Structures are given as structure tokens and as C-alpha cells.
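Coordinate inspection notes
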Amino acid sequence: MIDDLWYKNAVIYSLNVGTFMDSNGDGVGDFEGLSRRLDYLSGLGVTCLWLQPFQPSPNRDNGYDVSDYYGVDPRFGTLGDFVDFAHQAKQRGLKIIVDLVVNHTSDQHPWFKAARSDKKSKYRDWYVWSKKRPRDYKKGMIFPGVQHETWSYDKVAREWYFHRFYQFQPDLNTQNPAVFTEIQRIMGFWLELGVSGFRLDAVPFIIESRHPGKHIRHYAYLTEMRDFLQWHEGDAIILGEANVLPGENLEFFGDEGDRMHMMFNFFVNQHAFYAMASGDIRSLANALKRTEALPVYAQWASFLRNHDELDLGRLTREQRNLVYSKFGPKPNMQLYGRGIRRRLAPMLGNRPQLELAYSLMFSLPGTPVLRYGDEIGMGDNLRLRERSSVRTPMQWSEEPQGGFSTARKTILPVIDKGVWAYDRINVEAQRRDPNSMLNWTERMVRLRKECPELGWGKYTILQTHTPSVLAIRYDWRGNSVLTIHNFAEKPQNIAIDMGTPNSGRLSNLIVGEHSEAQADGKHHIVIEGYGYRWYRVGGLSHILKREKY
Ligand code: NOJ
């Protein structure tokens, strides 16, 4: 029964175990702390937790430099703590997906150590080597300004090795069948421990063959990964990180929807920020159209901010400069020549625009992904290097260290100064305030889940004849929802033609102001600056029918 595609109507919450909740007072968040916060998360209404890497790691890239795929970093607890956490999440109906970082390992991984020190080791061919310095050794860096090359000389191996990311992250030779078998073993291991899928890191690079100068993508790799996954666990999913152009999306999803189930919609994300910066929705509407047609099993993941910089690399230079000027004007707010290293609340700076942004994210076609701390409007710390600025510990209360830990020193400093400090922004205070960001977010999560049309349905962008107002209608199984967002600071008068019979009444799902079609058959709506509306088309007492395909 196709209704069982749980990810189509999920709300995903991403977190880092190390910065979420410290239970033993050593300054580092851990699985036991996370387990104790599961009631908070299920109360918020999210349905799936995405855990960022928590495996043993020298931790030079926030855990994305794994040195053992089959364990838990001792700083976060034990494998036993993980299993206990997985069990408790299951009790609350929460699904778990975990990062699968197999484009590269840490240079401290025993495989790399063996590979570099012994040419005859079976692990030698698990990595990508070149006897000579490749001509393109200074091309294709992901972290320009910090990373200086993609091929580095290894004194022990006396050869050059390829690393798409930092120098300490040698790329695995994924084209080697033994590496693929090992990737499957890793997937099988975590599936057996109860996870419902993977956030697959750096997908375009995993499937790329790495011969110097030649970069060909082997999409069939994704089909094989999917086959393995689904044989193992029928309802497990892969959520891919692939910041690619719209024309390439379908290759990653597969024409039949037989590769990745979900992908982050980076293209729409960047145009959403442009719309917020410019007050003009036209390029966002265009981005939505260009990422529209998907096979039935495929789904977009919508997001605003994540644990990395806000990547604006897909915008034109003019568009990017406008976003910079509005949301990240100072050089220390920008990163890698393409992005902004701030959290959303300080970027937007005011509650109405913040609500507009999240209402938009919840209503974009697809499945929303929240980042921990977003629900309370947490800020950033620009004194920390690179992307650590947006990775500070969760602010639970006004107690020392924001209630995150009883230690004097924490994994990253808790924000304790200025308007974003924990004594001003924290869960406890917001829990008591009905108008807080936390309670607003909780209501939006509920609303989103009650509108499965958004996750499942077909959508149409309706004409508003106003460049600052985006109206999207979603239809699924005889029910329809309409959302409207005004990106301008000023109120707008709009007239909307729903284009179908039985749409004389629009029932407002947030406040009691419904709309009746006027004599001209249109809905005339005045929408305030940064305003948003969620309407059900027709009456409120709808029932979504189940259907067999
Ligand atoms: C993408 C992750 O989101 C990022 O944080 C990491 O640095 C790179 N992949 C390398 O794993």
C-alpha cells in the first residue's frame, strides 16, 4: 500500500549528539542526554531524527571524518547507549536516520593507515592514488580558502592521494567492488540496530570515478545501493546530499524512482533566500517549476539552514550579492566565496520574517527538515571558525551553560553574550510563553502533518499578479490546500482565481478569517507585510480518503 511511504509526510529534525544534551557533565552531549530529551522532541511533533555523524572520529570536520564505521565515539557514549536510544525513540514512534559518510574516511582510519604504509595491503586500492602529481591537483576544492588542493603528497606512501574535501579526508575508491561490499556492510549494521535510513553525504562525489582529469558519474551505483537497502529493510530510505542543477536531479532519483528516495532541494533553498532578500518571488517560482516533476517514490527535502554554510553558489553573482548585502554583509559572515555562515534568526533579525521563512519551508512541496535550535530561534557565534559558528550547544534553560551541561568548558562554547545568549533564548522560557517561537513552531509542525496534500500532492503555482506574493495550491485525493506568502514588507491586495468549482470558500487553518469568493469568482485577500496564509479549499471538516493504486 503506497500510503506507507512514511517520508512523504514526515517532519525531520537534524541534530548533533555532541551539542544537544550532556548527561554526565563532561561538556560533550551524549546519547543518554539525547534519550532524556526524546519527550521534548516528540512533543514538538517531529517524526524523524537525523543524527549527524557520531562514530569514532578525530573530529576535525565535525565527525565527517570517520575512523571507525561500526562504533560510537566514546565521547558520546557506547553502542549500548545508542541501542537504548534507538529503542526509546521507537517507543515514541520516532524514526532515526543517520549520516552515511562513505565518500572518504579520516586519514586516521586503519584502512588508510594500512593503505599508505604498505603497497601490497589489500587496502591500498581502497583509496585513490597517483604516482605523479596530477595536473588538476589544485582544482575542485570544496572549501576554497581553507583547502588548497585536491591531491596531496603522502610521504609514507610516496604517492599522491585524492581528497575532494579536506586533506585529512582521503577519498575512498568507491569503484572498487570490495569498498562497495564494505559500504553495504556498514548500511546493514546500522539497519540491524534500528535506523530507518541514511542521509548520504556528498553523493555526486561518491559516484564519480576519480581518475586524474576524468570525472564521470556512475549513477547505477545508486540503484545498487537502493536495491541493497530495500532488500534489507523495506521501508528504509536514503536522503541524498547532492547540490546539483535541476536537469540532473532525475538521474539521482532515477526515472523510476529507483535510486534515492529524497534529496535536499538546494536549488529552491537558494532561490527562497533570494526571494526573502529581494521581496521578489519570480526566481523562486521558476526554481519550483524546474524541480517539479518527480517519480512517485521520490521526494524533496525542504530546508532553510543546516549545519554548513548557506551555499549560494547556484545564484547569479547579482542575486548572491543582494543576499549577502541583506543577510551577511560583513566579510566574517561569509565563507568559501559562496555562502553565509550564520543561523537564520540573526540573518533575518525579526519575528515576522522568521515566521514567513518557516511557514514557507513547511509549505514547500516535499518534506521539511528543521535544524535543532531553529524552533527557538537560536543565534550564531561568528568568533568560531568556519562552520562552527552555527553549531553551538542547544539552549535549554537560563541555567549555567544554557542547561546543556554542568561542565565549565563545553565542546563548543554556549552562546552567553548579547541578544542570542541562553538567558534570553531558551526552551524553558519559551515553553511558558504561548506566543514564543517554540510554541509557534509546534503549532506549525502539527499543521503541516495535518496537510498531507503538501507532502503527497500535485501542486500549482497560482497567479497573484503581485511579484512579492507566492500562492501555491496542492491537490491530493480530492482535497486541496492553498498557501500564500507575502515576501514584501508592505501589505498587498491580491485576487486569486482558484480555477476549480467548489472553491468558493477558503477556510483559514491558522486564524478565524475565512475567505469567500466575490462576484467575479475570485478571492480578494489583503495580506499584511511578511504575511502568510494556510487555507483548506472548501470546508474544514474534510476527510482524506485512502485509495489503492
Ligand atoms: C557535507 C557535510 O554536510 C559537511 O559538513 C562535510 O564537511 C562534508 N560533506 C564532507 O563530509
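Refer to the structure above for everything that follows.
Residues numbered from 1 in each chain as written. Predicted model: local features only at pLDDT ≥ 70, side-chain atom pairs only at ≥ 80, totals over all residues. Heavy atoms only, no water.

1. Some words on the overall build of the chain
Which entries qualify depends on this criterion: A run of DSSP states H or I qualifies as a helix once it reaches four residues; a run of E qualifies as a strand once it reaches two. Both are numbered from the N-terminal end. Restricting the calculation to C-alpha atoms gives the radius of gyration, and the globule rule supplies 2.2 Å times the number of residues raised to the power 0.38. Relative accessibility thresholds used throughout: buried, under 20% of the residue-type maximum; exposed, over 50%; partly exposed, between the two (1.4 Å probe, protein chains only). Only heavy atoms enter the contact rule, under which two residues are in contact if any of them lie within 4.5 Å. Here the Shrake-Rupley method, with its probe set to 1.4 Å, supplies the accessible areas, and only the displayed protein chains count as covering residues.
Summing up its helical and strand segments, the chain has 16 helices and 22 strands in all. In terms of overall size, the chain behaves like a compact globule, its C-alpha atoms giving a radius of gyration of 24 Å where 549 residues would be expected to give roughly 24 Å. Structurally, the chain occupies a C-alpha span of about 80 × 50 × 45 Å along its principal axes. Residues classed as buried in the chain amount to 62% of the 549 residues present. Taking the intrachain contacts of the chain between residues at least 6 apart in sequence as the baseline, contacts between residues at least 24 apart amount to 68%. Here the chain has roughly 22,300 Å² of accessible surface; of this, 49% comes from carbon and sulfur atoms.

2. Describing the site of the ligand
The test is simple: Near residues are defined by distance, with any heavy atom within 4 Å of the molecule or strand qualifying the residue. Definition of a polar contact: a pair of N or O atoms within 3.5 Å, with one able to donate and the other able to accept a hydrogen when the atoms are protein atoms, and with sequence-neighbouring residues admitted only if both atoms are side-chain atoms. Classification used: nonpolar for Ala, Val, Leu, Ile, Met, Phe, Trp, Tyr, Cys and Pro, charged for Asp, Glu, Lys and Arg, polar for all others including Gly.
The immediate surroundings of the ligand are formed by Asp-61, Tyr-64, His-104, Phe-143, Phe-165, Arg-199, Asp-201, Glu-241, His-307, Asp-308, Arg-387 and Arg-391. One nitrogen or oxygen atom from the side chain of His-307 is found 2.8 Å from an oxygen atom belonging to the ligand. Within the contact set of the ligand, an oxygen atom lies 2.5 Å away from a side-chain nitrogen or oxygen of Asp-308. Contact with the protein chains hides 98% of the accessible area of the ligand, taken as 300 Å² for the molecule alone. Each residue belonging to the shell around the ligand can be placed in one class, and the counts come to 3 nonpolar, 2 polar and 7 charged.

3. Quick word on the nonpolar core
Rule in force here: Think of a nonpolar core as a cluster: buried Ala, Val, Leu, Ile, Met, Phe, Trp, Tyr and Cys residues, connected wherever their side-chain atoms sit within 4.5 Å.
Counting 148 residues, the largest nonpolar core has Tyr-13 and Leu-51 as the members making the most contacts within it. If one sorts the elements of this core by residue count, helix H9 (residues 266-278) sits on top with 9 residues. Once residues lying within four places of it in the same chain are set aside, the contact partners of Leu-51 are Leu-15, Val-17, Phe-31, Leu-34, Phe-82, Phe-85, Ile-96, Ile-97, Val-98 and Asp-99. Leu-462, Met-498, Tyr-535 and Val-537 belong to the second largest nonpolar core, which has 13 residues in total.

4. What about the sheet that holds strand E15 (residues 458-462)?
Our working rule: Strand pairing is defined by DSSP finding a minimum of two bridges between the two strands.
One open sheet accounts for 6 strands, arranged E15-E16-E17-E22-E19-E20; its pairing is antiparallel. The open sheet is flanked by E15 and strand E20 (515-516), the only strands paired with a single partner. Strand direction decides the pairing type here: E15 and strand E16 (residues 469-476), joined by 5 bridges, are antiparallel. Considered in E16, the bridge of Thr-460 is made with Arg-473.

5. Points about the sheet that holds strand E3 (residues 95-100)
Worth spelling out the cut-off: Under this scheme, a helix contributes an axis fitted over its contacting stretch, all axes are lines through C-alpha atoms, and angles between N-to-C directions fall in the 0 to 180 degree range.
Around the barrel, 8 strands lie side by side as E1-E2-E3-E7-E8-E9-E10-E14; this closed barrel has parallel pairing. Across the sheet, the axes of successive neighbouring strands diverge by a mean angle of 25°, strand direction being ignored. Lying over the sheet, helix H5 (residues 177-192) contacts E3 and strand E7 (197-200), oriented at roughly 135° with respect to E7.

6. Some details on helix H10 (residues 282-290)
Buried within H10 are the following residues: Ser-283, Leu-284, Ala-285, Ala-287 and Leu-288. Buried residues along H10 sit against H9, helix H11 (317-327), helix H13 (351-363), E15 and E16.

7. Some thoughts on the packing of H5 against helix H7 (residues 220-232)
Formally: It is the rotation of the near helix from the far one that decides the hand of a crossing: anticlockwise by less than a right angle makes it left-handed, clockwise makes it right-handed.
Interhelical geometry of H5 versus H7 gives an angle of 35° and a closest axis separation of 10 Å. The interaxial crossing formed by H5 with H7 has right-handed handedness. Contact with H5, carried on its side by Phe-180, Ile-183, Gln-184, Met-187, Gly-188, Leu-191 and Glu-192, involves Tyr-221, Glu-224, Met-225, Phe-228, Leu-229 and His-232 of H7 and no other residues of that element. Each residue belonging to the contact of H5 with H7 can be placed in one class, and the counts come to 8 nonpolar, 3 polar and 2 charged.

8. Things to note about unusual backbone geometry
In this model, Asn-59 sits at a positive phi of 65°, which is unusual for a non-glycine residue. As for its position among the elements, Asn-59 is in the loop between strand E2 (48-51) and helix H3 (79-91). Given the relative accessible area of 30%, Asn-59 is considered partly exposed. Residue His-465 is not a glycine yet carries a positive backbone phi of 55°. Mapped onto the elements, His-465 comes out in the loop between E15 and E16. The exposed category is assigned to His-465, whose relative accessible area is 67%.

9. Regarding the state of the cysteines
Working definition of a disulfide: a covalent bond connecting the sulfur atoms of two cysteines. Put simply, the test is: Cysteine sulfur atoms are paired as a disulfide whenever they come within 2.5 Å of each other.
With the rule as written, the count across this model stands at 0 disulfides. Just so you know, Cys-48 is unpaired, no disulfide at all, and the nearest cysteine sulfur is the one on Cys-451, 20 Å from it.

10. Topic: the packing of aromatic side chains
The cut-off we apply is this: Here the aromatic set is Phe, Tyr and Trp, taking the six-membered ring for Trp, and pairing holds for ring centres within 6.5 Å; pairs whose planes are under 30 degrees apart are stacked, those over 60 apart are edge-to-face, and all others are tilted. The criterion is that NZ of a Lys, or CZ of an Arg, lies within 6 Å of the ring centre and within 35 degrees of the ring normal, and then a charge sits over that ring.
What the rule picks out here adds up to 40 aromatic pairs. With a centroid separation of 6.4 Å and 15° between ring planes, the pair formed by Trp-111 and Tyr-123 is classed as stacked. Of this pair, Trp-111 sits in helix H4 (residues 110-117) while Tyr-123 sits in the loop between H4 and strand E4 (129-130), and the two are 12 residues apart along the sequence. Aromatic rings pair up to connect Phe-31, Phe-54, Tyr-70, Phe-82, Phe-85, Phe-189 and Trp-190 into one cluster. A cation over a ring is seen here: Lys-8 above Trp-456, with NZ or CZ 5.7 Å from the ring centre. Positioned above the aromatic ring of Tyr-372, the side-chain terminus of Arg-343 is 4.9 Å from the ring centre.

11. What to know about the environment of Gln-401
Structurally, the position occupied by Gln-401 is in the loop between strand E14 (367-371) and helix H14 (427-432). A C-alpha to C-alpha distance of 7.7 Å links Gln-401 and Asp-416, two positions 15 residues apart in sequence. Other than its neighbours up to four places away in sequence, Gln-401 contacts Ala-407, Arg-408, Lys-409, Thr-410, Val-414 and Tyr-422.

12. Comments concerning the side chain of Thr-483
In this fold, Thr-483 is placed in strand E17 (residues 479-486). The class of Thr-483 is buried, set by a relative accessible area of 0%. Polar contacts involving the side chain of Thr-483 include one to the side chain of Tyr-474, which spans 3.3 Å. Not counting residues up to four positions away in its chain, the partners in contact with Thr-483 are Ser-363, Leu-470, Ala-471, Ile-472, Tyr-474, Arg-533 and Trp-534.

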